[in-house]
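Breakdown of the fold
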Amino acid sequence: MKDRTVQAFQDIFISYGRRDSLEFASRLNRRLVDRGFIVWFDYDDIPFGVDYQKQVDDGIERADNFLFIISPHSINSPYCRLEIELALKHQKRIIPLLHVEKISYETWQERNPGESVEAWQEYQAKGLHDHFQNMHPALRRINWIYVREGQDDFEAAFTGLLEIFDRHKEYVHQHTLLLAKALDWERNQRRSPYLLIGEERLQAEEWLKVRFKDSQPPCTPTDLHCEFITESRKNANNLLTDVFLAYAEEDRAVAEQLRNSLRREGFTVWTNTTDIHAGADFQQVIDLSIEEADNVVYLLSSAAAKSSWCQHELNYALSLHKRVIPVRVEAIAADEMPAQVRELQYIDLSDNIQETDYQQDESQLLRILRQDAAYHETHKLLFTKARKWERQQQNPTLLLRGYNLRQAEGMAQSCQAEPSLVPHCRCRNLTLLRALLST
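What counts as what
Residues numbered from 1 in each chain as written. Predicted model: local features only at pLDDT ≥ 70, side-chain atom pairs only at ≥ 80, totals over all residues. Heavy atoms only, no water. Helix = DSSP H or I, 4+ residues; strand = E, 2+ residues; numbered from the N terminus. Contact = heavy atoms within 4.5 Å. Areas by Shrake-Rupley, 256 points an atom, 1.4 Å probe, with all protein chains shown as cover. Buried < 20%, exposed > 50% of the residue type's maximum accessible area, 1.4 Å probe, protein only. Pairing = 2+ DSSP bridges. Polar contact = N/O pair within 3.5 Å; in protein donor to acceptor, adjacent residues only side chain to side chain. Axes fitted to C-alpha atoms, helices over the stretch in contact; angles between N-to-C directions. Parallel < 35°, antiparallel > 145°, perpendicular 65-115°, else oblique. Left-handed = near helix turned anticlockwise from the far one by under 90°. Nonpolar A, V, L, I, M, F, W, Y, C, P; charged D, E, K, R; others polar. Phe/Tyr/Trp six-rings, centres within 6.5 Å; stacked < 30°, edge-to-face > 60°. Lys NZ or Arg CZ within 6 Å of the ring centre and 35° of its normal.

This next bit is on the overall build of the chain. Secondary structure summary: the chain contains 21 helices and ten strands in total. Within the chain, residue pairs in contact and separated by at least 24 positions form 74% of the contacts whose partners lie at least 6 positions apart. With the model as given, the accessible surface of the chain reaches about 22,800 Å², and the carbon-plus-sulfur share is 48%.

Below is the structure:
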């Protein structure tokens, strides 16, 4: 028995159906261990007197690779189904191995002595004898490794398996490490001490940026990965954000989809469902969060047009000369739109039919957010400093000095010389900034 306290992570988790594949899974486990891999295998890794399901769940969470040995028993087992669904939920690298395709009548009789032919026929009708009929749809979309007894070359298959383990090994392992930390953060009420800091945070942000242009990714970040990493960056930046997401409650589903898409691209996002804590002054928090965001993405719908909260958020963002990006989420006539956004170019989600349509609109939004991003971030930083100075009765210790002062002066001069230098954020109202510079 391996010492579970010494090694918290595994290279491989083996999921299989005992009736069909216990001997094969045991042999595969021994070969992998002999190769130096740390393998989670239920015969070795579940002590007596413990919560069985928790041990299994922990094993899947903390394993880089999820091996699923396909057979009629594993496909039809509710326990194996839970395992594959958890691996899919965590977006693990899943490697299916086809071991047994069908159970013969003779094998069924050995396992069910005394049963009638009618019982066998009913067994067949339910697809319980077959590996494919009740297969999880996700497994059908993944290339399998063939390890059928007496039909396939096991050594060649094993060599191919080793090659898969070695492919993008570091990326996959980082996926596992960050998932474990993100789950720990989630299980501890998402408290800030559990967020990433320092070099570890920067490495996570770089990992999130990785794209596999010439091949399919071995695994993909979950929404929890993306939230955990971007919340860590938000925390490091004193809760300043890239995007304030303004929407009506009726459009929450679209808002959540958009929020997750932005986090996948590394943007920090403010929403009322995640960033307003119990006991806080709702209006005060919203206004401050708009001030502390580079951009305001406004979900345009009939519900938003009628919402006094959305109207206030829009008005306040425009009064601060924030870059406001309208995203139309349903067909709405021009005269129903708030007057302030009728002249603004909007992104239209309302005409989307296929997934690719949404992806094109998402790409357009990302291009806008990345355009002049440094300018808008500087605008935000200077404005929040000026606001803080104002709210503290023009505290002289908060005045700009050195590089920060020169940077602000340059920005103010540029805005005065070219008011349309940066669309959506002309910075014409520089009263606070000028006061901060001249005092």
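Once you've had a look at it, read on.
Checked against the element boundaries, H175 lands in helix α10 (residues 169-187). Those residues in contact with H175, other than ones at most four positions away along the chain, are H90, Q91, K92, W207, C219, T220, P221 and H225.

This part is about the pairing of strand β9 (residues 323-328). With six of six residues buried, β9 is to be regarded as a mostly interior element. Because side chains alternate across β9, one face comprises the buried residues R323, I325 and V327, and the other comprises V324, P326 and R328, equally buried. Sheet topology note: the strand β8 (residues 293-300)/β9 ladder contains six bridges and is parallel. Paired with L299 across the two strands is V327, which belongs to β9. Bridge count between β9 and strand β10 (residues 347-348): two bridges; the pairing is parallel. Within β10, the position partnered with V327 by the bridge is I347.

What follows is about the sheet that holds β10. Neighbouring strands of a sheet are bound in pairs by backbone hydrogen bonds; such pairs are parallel or else antiparallel. The sheet built from five strands is open, its strands ordered β7-β6-β8-β9-β10 with parallel pairing. With partners counted over all chains shown, the strands left at the sheet margins are β7 (269-270) and β10, one partner each. Taken together, the five bridges between strand β6 (residues 241-246) and β8 define a ladder with parallel strand orientation. Bridging across to β8, A246 finds its partner in Y298.

This paragraph deals with the side chain of T271. Note that T271 resides in the loop between β7 and α14 (272-275). A polar contact is formed between the side chain of T271 and the side chain of T273, at a distance of 3.2 Å. Apart from residues lying up to four places away in sequence, T271 is in contact with L245 and R259.

Right, let's talk about the sheet that holds strand β2 (residues 39-40) for a bit. An order of β2-β1-β3-β4-β5 is seen for the five strands of this open sheet, with the pairing classed as parallel. Whereas interior strands pair on both sides, the edge strands pair on one side only; in this sheet they are β2 and β5 (145-146). Each of β1 (10-15), β2, β3 (63-70) and β4 (93-98) is contacted by helix α1 (residues 18-34), which is oriented at about 150 degrees to β3, the strand it contacts most. The sheet contacts of helix α5 (residues 78-89) involve β1, β3 and β4, and relative to β3 the element is tilted by about 140 degrees.

Here the focus is the packing of helix α12 (residues 223-236) against helix α13 (residues 252-264). In contact at an axis separation of 9 Å, α12 and α13 are set at 65 degrees when each is read in the N-to-C sense. Relative to α13, the element α12 is oriented roughly perpendicular. Like other packed secondary-structure pairs, α12 and α13 cross with a definite hand, here left-handed. On α13, the residues touching D223, C226, E227, T230 and E231 of α12 are N260, R263 and R264. Tallied by class, the residues present in the contact of α12 with α13 amount to one nonpolar, two polar and five charged.

Under the definition given, this model contains 19 aromatic pairs. Arranged with centres 6.0 Å apart and planes meeting at 90 degrees, the rings of F24 and F154 form a pair that is edge-to-face. Here F24 is found in helix α1, whereas its partner F154 is found in helix α9 (residues 154-166), with 130 residues between them in sequence. Each member of the pair, F24 as well as F154, carries the same accessibility label: buried. On the numbers, 6.4 Å between centres and 20 degrees between planes, the contact of F66 with F68 is stacked. For F66, a relative accessible area of 2% corresponds to the buried category. Three or more aromatic residues joined by ring pairs make a cluster, and in this case those are F13, W40, F66 and F68. Stacked on the ring of F132, the Lys or Arg R140 has its end atom at 4.5 Å from the ring centre.

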